[in-house]
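Okay, here's what each chain looks like letter by letter:
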Amino acid sequence: MRRRGLDFRRPVRRRFPNVVWWTLCGILVLVLIVVLSREGQIESTPTISRKPNRHDRITEGLITDEMLSPNSVTRQITDQISLAKAFVVIAKESNNLQFAWELSAQIRNSQALVSNAATRRTPLTVGESEIAIRDMALLLYQAQQLHYDSATMLMRLRAKIQTLEEQTSSANEKSAKYGQIAAEEVPKSLYCLGVRLTTEWFGNPNLQKKLGERKQSDAKLKDNSLYHFCIFSDNILASSVVVNSTALNSKNPDKIVFHLVTDEINYAAMKAWFTLNSFRGVTVEVQKFEDFKWLNASYVPVLKQLQDSETQNYYFSGHNDDGRTPIKFRNPKYLSMLNHLRFYIPEVYPALKKVVFLDDDIVVQKDLSGLFSIDLNGNVNGAVETCMETFHRYHKYLNYSHPLIRSHFDPDACGWAFGMNVFDLVEWRKRNVTGIYHYWQERNVDRTLWKLGTLPPGLLTFYGLTKALDPSWHVLGLGYTNVEPQLIEKGAVLHFNGNSKPWLKIGIEKYKPLWEKYVDYSHPLLQLCNFH
């Protein structure tokens, strides 16, 4: 077979341009497929479920797009309802019950319209709501005519607030007055106990003989190697609880000596009670302050002030300043020598070197012998400071507008408490602390330095002479406030300071058991006097 000539041969096809063409076509097809697939994916992707929030639920319910429109009929009705509700309250306050009832009825009608529109999901029309809007507008106009406008109501509310404040102030004043009276009253059972003990003392010669036998051991009363405690009280049962709780919680009760001073009225009863009862070998001495010959008006400023007619009127009449001074400042007990005797302890016990002073409204929970080994570092008074929590510093007790106070005492100095105090009587005598007390007491005749109690003069007298003790030695507040259980559990001495004493009906119930467990209610005399 003959070969064709060169001119007649088929031209050789160039394959490279074809490859490029097909490659480009493939790319375009792929791009088209990807685009179409993505669109299909977007259309077919399920909507992610979202928990409808509160706003969505409300919008799907009562609040519709129509309500959010500023020209909405529904919105106008809801605004009327809100205003009408306020006028209902005001009408009731004004004792216009008929008008309040009419407003309430119209509110219910308007609410029914809005509720029906929300249920059917169609906007309210002017035609179906015109009557309700008109009737409500008439009532709101009537409310304005009755002066139920904002300015008038503000004036009335201010007047009412002022009236309520005055009523509250009056109620608080009466509460304080009656509480003070209740705190000062002697319960019938306690009065009965005093009478029966006095009768027993004078009618039973054996008691006096028994006391005479005990007095033969007077050496203990002056033995400075023993633990000496002093109480100044006219309350038989309270003093007994102090002695009993100290004895029961002591490691060495036979080393404890109690020096108890009372008044003439309760002297026989006190002697009878502490002669009839024993307290684990504790020695108890009973005296009356009337027997202290040095205790007279020429030496004691308080007794001198009692002879002043103005002082007598202040404490015993209460009419010289139209009752402006609170009743607590007028309590005559603050002039009682049993209260002020704490400033004369070295004179009462001239042979002693160190004593622990206890108030009669305390309970002892721990052994107190450790108090006698505390080094006071040259100070006279060992006491627990009370400038934390609800208690105060010097400026809360003293009048710092007086130049004498302002120039001598730091207003932010930390206060401390009477009720459980360790006194170094050697340092007391050396520094003439009683003389310091006399100085300040004589300058407070007009009550311009302080008004209340024995603590303010104590703060002045022992200023710079007091050592702070560990707070667990003395826990305060059980007679007027809540105290943390942990503090009560750790406390060596619990103090029922305040009006709510545990032997009174107004005592704080949850704290009474802490005191009552040291009272023997099975005692025949206590049963005869209805102690329970």
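Everything numeric here is computed off the predicted structure, so don't read it as measured data.

Enquirer: Which residues make up the sheet that holds strand 8 (residues 466-468), and what values go with them?
Expert: Read from one edge of the open sheet, seven strands run 3-2-1-4-7-6-8, paired in mixed fashion. Taken across any chain shown, the strands that pair with only one partner, and hence form the sheet edges, are strand 3 (283-288) and strand 8. Sheet twist, expressed as the mean angle between neighbouring strand axes with direction ignored, is 25°. Direction of pairing for strand 1 (residues 227-232) relative to strand 2 (residues 256-262): parallel, over a ladder of six bridges. Bridged to Phe229 within strand 2 is Phe258. Across the face of the sheet, helix 10 (residues 236-248) comes into contact with strand 1, strand 2, strand 3 and strand 4 (354-358) while running at roughly 175° to strand 2. Contacting strand 2 and strand 3, helix 11 (residues 264-276) crosses the sheet at an angle of about 165° to strand 3.

Enquirer: Before we move on, can you summarise the packing of helix 8 (residues 188-203) against helix 9 (residues 205-214) with the specific residues and values?
Expert: Helix-helix packing is characterised by the crossing angle of the two axes and by the distance between the axes. Running from N to C, helix 8 and helix 9 point in directions that differ by 80°, and their axes come no closer than 5 Å. Taken as axis vectors, helix 8 and helix 9 run roughly perpendicular relative to one another. Across the interface between the two elements, Glu200, Trp201, Phe202 and Gly203 from helix 8 touch Pro205, Leu207, Gln208 and Leu211 from helix 9.

Enquirer: Residues and numbers for the sheet that holds strand 10 (residues 493-495), please.
Expert: Sheet architecture is open: three strands sit in the order 5-10-9, paired in mixed fashion. Across the chains shown, the open sheet's two edge strands, defined by having one partner strand only, are strand 5 (362-364) and strand 9 (474-475). Sheet topology note: the strand 9/strand 10 ladder contains two bridges and is parallel. Within strand 10, the residue paired with Val475 across the bridge is Leu494.

Conventions we followed
Residues numbered from 1 in each chain as written. Predicted model: local features only at pLDDT ≥ 70, side-chain atom pairs only at ≥ 80, totals over all residues. Heavy atoms only, no water. Pairing = 2+ DSSP bridges. Helix = DSSP H or I, 4+ residues; strand = E, 2+ residues; numbered from the N terminus. Axes fitted to C-alpha atoms, helices over the stretch in contact; angles between N-to-C directions. Contact = heavy atoms within 4.5 Å. Parallel < 35°, antiparallel > 145°, perpendicular 65-115°, else oblique.

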